[in-house]
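As a plain string of letters, each chain reads:
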Amino acid sequence: METVRALVASIPTGKVSTYGDIADAAGLPSPRIVAWIMRTDSSDLPWHRVIRASGRPAPHLQARQLELLRAEGVLAKDGRIALREARHAF
């Protein structure tokens, strides 16, 4: 859990990462583990910088997440972040 938290905390302003990227960097077998950790223990982290592999935020977080990312200069087109441009490499 602490490794995932540290990785999320290290995503710089203006960048995003996917649940799968974080799982790979943490040596976890599934992005779902990262999603579970984010659901249960991320209120003090830049949670809005973690998105699905499709480049889309979770539907129930979409409006707030895209608003926070837009404030950091990460723009969405049709609700999708261009991972090629905004993806953070660990």
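Scroll up a little and you will see the structure.
Visitor: So what exactly am I meant to see when it comes to the overall build of the chain here?
Guide: Per the secondary structure count, the chain includes five helices and four strands. Along its sequence from the N terminus, the chain presents helices and strands in the succession α-β-α-α-β-α-β-β-α. Computed over its C-alpha atoms, the radius of gyration of the chain comes to 12 Å, within 12% of the 12 Å expected for a compact globule of 90 residues. Relative to its full complement of 90 residues, the chain shows a buried share of 39%. Within the chain, contacts between residues separated by at least 24 positions form 59% of all contacts whose residues are at least 6 apart in sequence. Counting 13 positive and 9 negative side-chain charges, the chain places the centres of these two groups 7 Å from one another.

Visitor: Honestly, the packing of helix α1 (residues 2-9) against helix α2 (residues 19-26) in this entry has me stumped. Any pointers?
Guide: A pair of packed helices is characterised by two quantities: the angle between their axes and the separation of those axes. It is the contact of α1 with α2, at a shortest axis distance of 10 Å, that shows an interaxial angle of 125 degrees. Between α1 and α2, the interaxial angle falls into the category oblique. Along this stretch, α1 crosses α2, giving a crossing that reads as right-handed. Contacts between α1 and α2 involve T3, V4, L7 and V8 from the first element and I22, A25 and A26 from the second. Among the residues forming the contact of α1 with α2, the class breakdown is six nonpolar, one polar and no charged.

Visitor: How should I be thinking about the layout of surface pockets in this particular structure?
Guide: Gaps between atoms show up when a probe of the same size as a water molecule is rolled over them. Roughly 230 Å³ of volume is contained in the largest pocket. Every residue lining the largest pocket is listed: Y19, A35, M38, R39, S42, W47, V50, R52, A58, H60 and L61. Among the elements that make up the lining of the largest pocket, the one with the highest residue count is helix α3 (residues 31-40) (three residues). The residue makeup of the lining of the largest pocket, split by class, is seven nonpolar, two polar and two charged.

Visitor: Is there a simple way to explain the environment of R56 in this structure?
Guide: On the secondary structure map, R56 appears in the loop between β2 (50-51) and α4 (62-71). Of the residues examined, R56 reaches a relative accessible area of 29% and is grouped as partly exposed. Taking the C-alpha atoms as reference, R56 lies 17 Å from V8; in sequence the two are 48 residues apart. When residues no more than four places from it in sequence are discounted, the contact partners of R56 are I51, D78, G79 and R80. A polar contact is formed between the side chain of R56 and the backbone oxygen of D78, at a distance of 2.8 Å.

Criteria and thresholds
Residues numbered from 1 in each chain as written. Predicted model: local features only at pLDDT ≥ 70, side-chain atom pairs only at ≥ 80, totals over all residues. Heavy atoms only, no water. Helix = DSSP H or I, 4+ residues; strand = E, 2+ residues; numbered from the N terminus. Rg over C-alpha atoms; globule rule 2.2 N^0.38 Å. Buried < 20%, exposed > 50% of the residue type's maximum accessible area, 1.4 Å probe, protein only. Contact = heavy atoms within 4.5 Å. Lys, Arg positive; Asp, Glu negative; His and termini not counted. Charge placed at Lys NZ, Arg CZ, Asp CG, Glu CD. Axes fitted to C-alpha atoms, helices over the stretch in contact; angles between N-to-C directions. Parallel < 35°, antiparallel > 145°, perpendicular 65-115°, else oblique. Left-handed = near helix turned anticlockwise from the far one by under 90°. Nonpolar A, V, L, I, M, F, W, Y, C, P; charged D, E, K, R; others polar. 1 Å grid on protein atoms, 1.4 Å probe; cavity = no way out; pocket = protein on both sides within 12 Å on 5 of 7 lines; lining within 4 Å. Points joined across faces, edges and corners; volume = space filled by probe spheres on them. Polar contact = N/O pair within 3.5 Å; in protein donor to acceptor, adjacent residues only side chain to side chain.

None of the figures reported here should be taken as evidence of function without further support.
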